[in-house]
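# Analysis of the macromolecular model
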Amino acid sequence: MRLSTRGRFAINAMIDLALRDRSSPVPLAELALRHHISLSYLEQVFAKLRQHGLVDSTRGPGGGYTLGFRGDAITVADIVTAIEGDTDDRDMVHDDGAPDMTHELWDALHSTLVAYMKTISLRNLAQEQRAKGFEVVERKPAKKGIFTKIKSEPVRTTAPNSVFALGQAWQATR
């Protein structure tokens, strides 16, 4: 398992979703703006998260992403595994053909790291952010649908409506 910038961005985005879990789906464009991440990059990240069931997507106006079916049970290890894969990238043999003498050391470190990441839940990370004073700014829902037409009062004018009435009004003022 590797820890990369992509994994860090995925964890940040998932914490953001966890903080906004009670509200409507969060559009990726909003996440991209808040975290200063490219939208196309986030789309790739969320495609992998969706494939692993960590997020659900809603299409259409007002759509976006919410936490997946596991919600509270998502751990940092789940997120990193979804993004980076569960492959072991360590080489058993050096380029020169010599065996790797530190293989057991890297196995132990890898196992310890994965075990530690499994103890950190997404819900705990969101609670830590709330404890630090993070406030969720709710998105105002777009007003869509049919609006009632404003009833306007008819215009009542006191001006003359013909040349003859204008002449009479002009003479009356003299």
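Our structure is the block above this text.
As a starting point, this report considers the structure included with it. Note that the structure is a prediction, hence the values are computed from the model and not measured.

### So, the pairing of strand 1 (residues 55-58)
Relative to strand 2 (residues 64-67), strand 1 runs antiparallel, the two being bridged by 4 bridges. Within the sheet, the bridge partner assigned to T58 lies in strand 2 and is G64. The turn linking strand 1 back onto strand 2 is made up of 5 residues, and G60 within it adopts a positive phi angle of 90°.

### Points about the nonpolar core
Of all hydrophobic cores here, the largest spans 33 residues; its most connected members are M14, L17, L42, F46, L49, I79 and L122. Among the elements of the structure, helix 1 (5-19), helix 2 (28-35), helix 3 (39-51), strand 2, helix 4 (76-84) and helix 6 (122-131) are those that each provide at least two residues to this core. The element best represented in this core is helix 1, accounting for 9 residues. Setting aside residues no more than four positions away along its own chain, F46 makes contact with A13, L17, L28, L31, V55 and Y65.

### Quick look at the packing of aromatic side chains
The final tally for this structure, using the stated rule, is 2 aromatic pairs. Measuring from centroid to centroid gives 5.7 Å for F9 and Y41, while their planes differ by 90°, and the two rings are edge-to-face. You can see F9 sitting in helix 1 and its partner Y41 sitting in helix 3, a full 32 residues away along the chain. What makes F9 buried here is its relative accessible area of 18%.

### A look at the environment of G68
Among the structural elements, G68 can be located in the loop between strand 2 and helix 4. Residue classification places G68 among the buried positions, given a relative accessible area of 9%. Spatially, the C-alpha atoms of G68 and G53 are 5.6 Å apart, while their sequence positions differ by 15 residues. G68 has contacts with G53, L54, V55 and D56, leaving out every residue within four places of it along the chain.

### What to know about a nonpolar patch on the surface
A contiguous nonpolar surface patch, about 300 Å² in accessible area, is contributed by L105, W106 and L109. Its place among the elements puts L109 in helix 5 (residues 103-118).

### A closer look at the packing of helix 2 against helix 3
Packing of helix 2 against helix 3 brings their axes to within 9 Å, and their N-to-C directions diverge by 120°. Helix-helix and strand crossings are classified by hand; for helix 2 and helix 3 the assignment is right-handed. Side by side, helix 2 and helix 3 meet where L28, A29, L31 and A32 of the first sit next to L39, L42, E43 and F46 of the second. For the contact of helix 2 with helix 3, the per-class residue count stands at 7 nonpolar, no polar and 1 charged.

### Things to note about unusual backbone geometry
The phi dihedral of H36 is positive, around 55°, even though this residue is not glycine. Among the structural elements, H36 can be located in the loop between helix 2 and helix 3.

### Quick look at the environment of I79
Along the chain, I79 falls in helix 4. Along the sequence, I79 and I11 sit 68 residues apart, while their C-alpha atoms lie 6.6 Å from each other.

### Section: the packing of helix 3 against helix 4
Each packed pair of helices is defined by two parameters, the angle between the axes and the distance between the axes. Packing of helix 3 against helix 4 leaves a shortest axis separation of 9 Å and a crossing angle of 115°. Compared by their axis directions, helix 3 and helix 4 come out roughly perpendicular. Of the two elements, helix 3 crosses helix 4, and the hand of that crossing is right-handed. Where helix 3 abuts helix 4, its residues V45, K48 and L49 lie against I79, A82 and I83. Across the contact of helix 3 with helix 4, the residue classes break down as 5 nonpolar, no polar and 1 charged.

Calculation criteria
Residues numbered from 1 in each chain as written. Predicted model: local features only at pLDDT ≥ 70, side-chain atom pairs only at ≥ 80, totals over all residues. Heavy atoms only, no water. Pairing = 2+ DSSP bridges. Helix = DSSP H or I, 4+ residues; strand = E, 2+ residues; numbered from the N terminus. Core = buried A, V, L, I, M, F, W, Y, C linked by side-chain atoms within 4.5 Å. Buried < 20%, exposed > 50% of the residue type's maximum accessible area, 1.4 Å probe, protein only. Contact = heavy atoms within 4.5 Å. Phe/Tyr/Trp six-rings, centres within 6.5 Å; stacked < 30°, edge-to-face > 60°. Patch = residues over 30% accessible without salt bridge, like charges linked within 9 Å, V, L, I, M, F, W, Y side chains within 5 Å. Areas by Shrake-Rupley, 256 points an atom, 1.4 Å probe, with all protein chains shown as cover. Salt bridge = Lys/Arg side-chain N within 4 Å of Asp/Glu carboxyl O. Axes fitted to C-alpha atoms, helices over the stretch in contact; angles between N-to-C directions. Left-handed = near helix turned anticlockwise from the far one by under 90°. Nonpolar A, V, L, I, M, F, W, Y, C, P; charged D, E, K, R; others polar. Parallel < 35°, antiparallel > 145°, perpendicular 65-115°, else oblique.

These results come straight from atomic positions and should not be treated as a statement about function.
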